Amino acid sequence: MIYDIRHVTDYSYETPVSSAKLALRLTPMDGHGQHCETHTLHITPQPSALITERDFFGNEVTIATIDHPMTDLTVEMRARVEVSRPVSLAAGMSPEWDDIRQRALGS
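Criteria and cut-off values
- Residues numbered from 1 in each chain as written.
- Predicted model: local features only at pLDDT ≥ 70, side-chain atom pairs only at ≥ 80, totals over all residues.
- Heavy atoms only, no water.
- Helix = DSSP H or I, 4+ residues; strand = E, 2+ residues; numbered from the N terminus.
- Buried < 20%, exposed > 50% of the residue type's maximum accessible area, 1.4 Å probe, protein only.
- Contact = heavy atoms within 4.5 Å.
- Areas by Shrake-Rupley, 256 points an atom, 1.4 Å probe, with all protein chains shown as cover.
- Lys, Arg positive; Asp, Glu negative; His and termini not counted.
- Charge placed at Lys NZ, Arg CZ, Asp CG, Glu CD.
- Patch = residues over 30% accessible without salt bridge, like charges linked within 9 Å, V, L, I, M, F, W, Y side chains within 5 Å.
- Salt bridge = Lys/Arg side-chain N within 4 Å of Asp/Glu carboxyl O.
- Phe/Tyr/Trp six-rings, centres within 6.5 Å; stacked < 30°, edge-to-face > 60°.

Side note on the overall build of the chain
Here comes step 1: A count of helices and strands for the chain gives one helix and six strands.
Here comes step 2: Its helices and strands taken in sequence order, the chain reads β-β-β-β-β-β-α from the N to the C terminus.
Here comes step 3: Along the first, second and third principal axes, the C-alpha set of the chain runs to 70 × 25 × 25 Å.
Here comes step 4: For the chain, the residues scored as buried account for 21% of the 107 residues in total.
Here comes step 5: Restricting the contact set of the chain to residue pairs at least 6 apart, pairs at least 24 apart contribute 75%.
Here comes step 6: By element, 53% of the accessible surface of the chain is carried by carbon and sulfur atoms, the whole surface being about 8200 Å².
Here comes step 7: In the chain, 9 positive and 15 negative side-chain charges are present, and the distance between their average locations comes to 5 Å.

Below, the structure written as structure tokens:
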């Protein structure tokens, strides 16, 4: 299954902020039957610097620095993710929990 994902965050500040440093965790992870095919990040106003790194848990973190005053901020992420996980058993195809419990307890 292929998923096209779009996430938008809009901020409007009551008064201008002088600068911002953002730690964005918006990149879908690879693994466990999931693969991020494409990923884009659009930030308005445009950051003066972008750094991508990994956190302790393996998540991609984009650090964006905006060094001029602003009253509005928009962050948009788009990604295409392929998910291929084994199909789970349909209802009624596995033993009931009570049966499993009784077997485990030897009753």
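That shown, we press on.
Notes on a nonpolar patch on the surface
Here comes step 1: Nonpolar side chains collect at one region of the surface, where Met 1, Tyr 3 and Ile 5 lie side by side and expose about 320 Å² of accessible area between them.
Here comes step 2: Relative to the assigned elements, Ile 5 resides in strand β1 (residues 2-17).

Some words on the environment of His 42
Here comes step 1: On the secondary structure map, His 42 appears in strand β3 (residues 34-44).
Here comes step 2: Counting along the chain gives 30 residues from His 42 to Asp 72, while the straight-line C-alpha distance between them is 14 Å.
Here comes step 3: Those residues in contact with His 42 that lie beyond four places of it in its chain are Thr 74, Val 75 and Glu 76.

With respect to the environment of Glu 37
Here comes step 1: With respect to the helices, strands and loops of the structure, Glu 37 is situated in strand β3.
Here comes step 2: Looking at Glu 37, the relative accessible area reads 36%, which means it is partly exposed.
Here comes step 3: With 37 residues separating them in the primary sequence, Glu 37 and Thr 74 have C-alpha atoms 23 Å apart.

Side note on the packing of aromatic side chains
Here comes step 1: Considering all chains together, one arrives at two aromatic pairs under this definition.
Here comes step 2: Measuring from centroid to centroid gives 6.1 Å for Tyr 11 and Tyr 13, while their planes differ by 10°, and the two rings are stacked.
Here comes step 3: Residues Phe 56 and Phe 57 carry aromatic rings whose centres are separated by 5.3 Å and whose planes lie at 90° to one another, so their mutual orientation is edge-to-face. Grouping residues by exposure puts Phe 56 and Phe 57 together as exposed.

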